[in-house]
Amino acid sequence: MPNSQMTPGIAPGRLPGQLYQENFSDLHPPYQPHEAAVAADRCYFCHDAPCVTACPTEIDIPLFIRQIQTGTPEEAAKTILTQNILGGMCARVCPTETLCEQACVREVAEGKPVEIGRLQRFATDTLMDAGQHPFARAPETGRRVAVVGAGPAGLACAHRLALHGHKVDLLDARPKAGGLNEFGIAAYKTVNHFAEREVAWLLQIGGITLHAGRALGQGASLDALREDYDAVFLGIGLSGVNALRVEGEDHNGVANAVEFIAGLRQAEDLSALPVGRNVVVIGGGMTAIDAAVQSKLLGAQTVTIAYRRGRDRMSASGFEQDLAASKGVRIVTNARPVRVIGNGAAREVEFEYTEETAEGLRGTGETFHIAADQVLKAIGQTLDAAPANLTLEGGKIAITGAGRTSLPGVWAGGDCAAGGDDLTVTAVAEGRDAAEDIHAALTGGDRP
Amino acid sequence: MASLSCDFVGIKSPNPFWLASAPPTDKEYNVRRAFEAGWGGVVWKTLGEHGPPIVNVNGPRYGAIWGADRRLLGLNNIELITDRPLEVNLREIKAVKRDYPDRAVVVSIMVPCEEAAWKAILPHVEETGADGIELNFGCPHGMSERGMGSAVGQVPDYIEMVTRWCKQNTRMPVIVKLTPNITDIRHPARAARKGGADAVSLINTISSITSVNLDTMSPEPSIDGKGSHGGYCGPAVKPIALNMVAEIARDPETAGLPISGIGGITTWRDAAEFLALGAGCVQVCTAAMTYGFRIIGEMTSGLSAWMDEKGYESLDQVVGRATPNVTDWQYLNLNYVAKAVIDQGSCIGCGRCYAVCEDTSHQAIAMSADRVFSVIDEECVACNLCVNVCPVEGCISMVAMTSGDTDARTGRTVSGDYANWTTHPNNPGSCAAE
Ligand SMILES: Cc1cc2nc3c(=O)[nH]c(=O)nc-3n(C[C@H](O)[C@H](O)[C@H](O)COP(=O)(O)OP(=O)(O)OC[C@H]3O[C@@H](n4cnc5c(N)ncnc54)[C@H](O)[C@@H]3O)c2cc1C
Ligand SMILES: Cc1cc2nc3c(=O)[nH]c(=O)nc-3n(C[C@H](O)[C@H](O)[C@H](O)COP(=O)(O)O)c2cc1C
Ligand code: SF4
């Protein structure tokens, strides 16, 4: 008998085959050209536009929208990509509702912002679908930079360095480049292998050699890289995860949300991917939402997100919370896990209600149980094994200015570096700015 | 409820909305459907003389300008007068008029500039029972190259001459349709009146090229790689038409000459504006060609609701009501001083007012670090540009200063007296008002 949503435990193939395709299709379908023209016409071409300030990469949004409006989406794409080489991915994954679109004056006026993200996607897709790479490298400088980590930060840094004529060796521990674009972002935000295609497109600039499967720490030490290269950039993200530290955490069925998502993103056949009948996700951020929504889309019968504080403290945006709710995910707040109950395999989770007090978060003593065959932990990632002798700050690599670490010749950016939101677009901005700083240092004689 | 019934130079119609002479009125089938939809009258598509009809191009005859959502803003055409045989048109006109006696049926005519030609066609038109004729001196393309249409309309003497021939050869009211492709619309209007015209109608279409295909380098609409100038109409031409109507309405030499207003009328509001400036009835072409005949429902309901709201009972209470307020620049009150005022409550912070005033006007808007925009009275000349570019209607307004206030820009006290350029000290030709 084939599996269904009611099949107990953790099982694959809970849904009829064609539903997987439907469930994991584009979250925001791309614009048709006419829709884009109409959407673009809504932009007021604001003076000193608030949307630009709200974009971590400071894309000239009114300009690119006007370029779409006048029928030159490829020019619009160049405006975008000049500031943000991963403009295609950002168009898909940015929480625009808390960035540019939140600042749009039409959001203020009508609660209906110009759909900047979708317009950005229209422009970048048009250019990338035409197979164009619009940038050409400056003449070789003879300088060599090692970029560690091929996530958004590392890719943005490598591209900008290559553009300036430097040679880049791009190292990544994983077998594939892209970082969380490839292994973390929700599948319905980046359909049709977009992350992979974008990396291939980006590398067309030339001058970048990708070394996938080569980790810093294993074989390549930071000191050796500093020896061999004129500069080093670290964009290694956060590969560690926080533990729950509750009884029963070692039961079968308890896993890290990021690993569950990585498995899903790499799955050839989603119907072969096992998922619990009752899934409980613990956490309140983007990862929790993505793990919960995708569990539901894989066919889990019930999915609950449990967050220890109030809803207003959840770092997932209102849009993300609504998305989860619309897919049938229940969000329980002010509940902290006490133990995972089961006999070998998880069966349920016991929670205690909490309240916010002057002394901080406190349990109320009242407990309740939620059925759970699968428990996904999404309570934050950590910097795993940071190279020794780098100064840290709040568990991340301390930086000053455009990503300068405590070690001369070593820059860092993205999630692994202190400061800034843990977002794709922020990682791109930091990688790009570090590259400019490295370039200035390598060419201006101002070598730190 | 206000009455929309209309009596234009003795031609009666249940409402003042006529379809202009154009494709919508080119045949019986269309006109019957228009009347069923509620149109008050039609001016039949222009008839030419007896004999082989003219021919049209066999490729695209229209070009257009659009807004972002493909809203049609302007239309251009290279169509000629009717390409159907005269006899067929006359037969159809007669049948329609017989079946719709309460509607206005006016026949547009364009024949060569010889008295015999006009004399020959008029009895046939009269025989149809039509209510009047409209002389087409307007088409800017095709016909003018043959010495007809705007080739006649651009020479006031010809207008007067042809009008007179018509008046002498028919008992029907004669409406002279004017071309806007001239420098001063008053001259052809005066000529029409001199020739004895019962009324003028305007505007016909404006010579234009709507666009150029940048791949083929052909103007649009393109016929086998070449284009020709056509006639422009639709919403984009309304301001030009309104001004020309007003010019004729207030010219002492033509004052009182009935006017049928045409040009870009798309809504009841457009029509009301034409009426207010002096048009006794209006004609519509492009709006019908864009949306079909059913728009008449909105036009009549809107006009009548507005008249009720304002307490106007009949059209004659509306016609020409705004004409006295059209004046020459030199008579505008230079003691009237206004300032822009920004309503902070409705401001959405886009900064368009700031950008345009700073870059292209008087640097009279200040922007704070937190995007509050405010008017600097010392610099504001009340030009209205900020109002026009502001995306929020009613957010910026022009507020008149009261007499006795001090204008922060000039330091002068605002006077309540009227004073214009003719008496201004800077005017070399001014005569001090003693
Ligand atoms: C589940 C999930 C969903 C998310 N969804 C969104 C979203 O929708 N929108 C959004 O803006 N942000 C989202 N984020 C956050 C976003 O993905 C990150 O902020 C962004 O990817 C950070 O980029 P990065 O380059 O700093 O790090 P990463 O993307 O993590 O890339 C780091 C790279 O470094 C490599 N690496 C690590 N250690 C080593 C080593 N020792 N040697 C060599 N290579 C190493 C890794 O293999 C990886 O490829 C999400 C994050 C997660 C976990
Ligand atoms: C396709 C087309 C054909 C026209 N043919 C004539 C015509 O034969 N005779 C005429 O007097 N005006 C003709 N006109 C002009 C219209 O009657 C009218 O004056 C002009 O279009 C302006 O009105 P509108 O803006 O409502 O369209 C034509 C207009 C169009 C669009
Ligand atoms: S804030 Fe909105 S309206 Fe203003 S420029 Fe940006 S996208 Fe356009």
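What counts, and at which threshold
Along each chain, residue indices are assigned from 1 in the same order as the chain's sequence is written. Working convention: letters from A go to chains and numbers from 1 go to ligands, in the order in which they are written. Only residues with pLDDT of at least 70 are given local features in this predicted model, and only at 80 or more are side-chain atom pairs given and counted; all residues enter the totals for whole chains, interfaces and linings. A pair of strands is treated as paired once DSSP finds two or more bridges between them. The helix and strand labels rest on DSSP assignments: H or I over at least four residues marks a helix, E over at least two residues marks a strand, and numbering proceeds from the N terminus. Note on geometry: axes are C-alpha line fits, over the in-contact stretch for helices, and angles between N-to-C directions span 0 to 180 degrees. How far each domain reaches was decided by an automatic or database domain assignment. For our purposes the nonpolar core covers buried Ala, Val, Leu, Ile, Met, Phe, Trp, Tyr and Cys residues that link as a set through C-beta atoms within 7 Å. The burial label depends on the number of other C-beta atoms within 10 Å of a residue's C-beta. Counts of 20 or more mean buried, 12 or fewer mean exposed, and intermediate counts mean partly exposed, with C-beta atoms placed from the backbone. Contact definition: two residues whose C-beta atoms, as placed from backbone geometry, lie within 7 Å. Expected span of a helix: the number of residues minus one, times 1.5 Å.

Next up on the list: the sheet that holds strand β11 (residues 206-208) of chain B. In sheet architecture, strand pairing relies on hydrogen bonds along the backbone and comes in two forms, parallel and antiparallel. Residue and element names in this part refer to chain B. Taken in spatial order, the four strands line up as β5-β6-β14-β11 in an open sheet, and their pairing is antiparallel. In this open sheet, the two edge strands, each paired with only one partner strand, are β5 (62-66) and β11. Strand-to-strand twist across the sheet, computed as the mean angle between neighbouring axes with direction ignored, equals 35°. Across three bridges, strand β6 (residues 72-77) lies against strand β14 (residues 230-233) in antiparallel orientation. Bridging across to β14, N76 finds its partner in Y232.

Segmentation of chain A into domains returns domain 1 (33-129), domain 2 (144-239 + 383-444) and domain 3 (241-381). Inter-centroid distance (C-alpha atoms) of domain 1 of chain A to domain 3 of chain A is 34 Å.

The next thing to look at is the nonpolar core. Counting residues in each nonpolar core, the largest one holds 156 residues, and the members touching the most others are V232(A), F233(A), V281(A), A292(A) and I438(A). Element by element, the count of residues in this core is highest for helix α17 (residues 424-444) of chain A, at nine residues. Setting aside chain neighbours within four positions, we find I438(A) in contact with V145(A), L161(A), A231(A), F233(A) and W411(A). Residues F8(B), I93(B), V245(B) and V284(B) belong to the second largest nonpolar core, which totals 97 residues.

To continue, consider helix α5 (residues 156-169) of chain B. Between the first and last C-alpha of α5(B) there are 20 Å, a value that for 14 residues agrees with the 20 Å anticipated at 1.5 Å per step. If you follow the buried residues of α5(B), they end up packed against α3 (115-127), β8 (132-136), α4 (150-153), β9 (174-177) and α6 (186-195) of chain B.

All names here are of chain A. Across the two faces of strand β15 (residues 374-377) the burial is the same, with Q374 and L376 and V375 and K377 all buried. Note that strand β7 (residues 254-256) and β15 share three bridges and pair parallel. Across the sheet, the residue bridging to V254 is V375, located in β15. As paired strands, strand β9 (residues 278-282) and β15 are joined by four bridges and run parallel to one another. Across the sheet, V281 pairs through a bridge with L376, a residue of β15.

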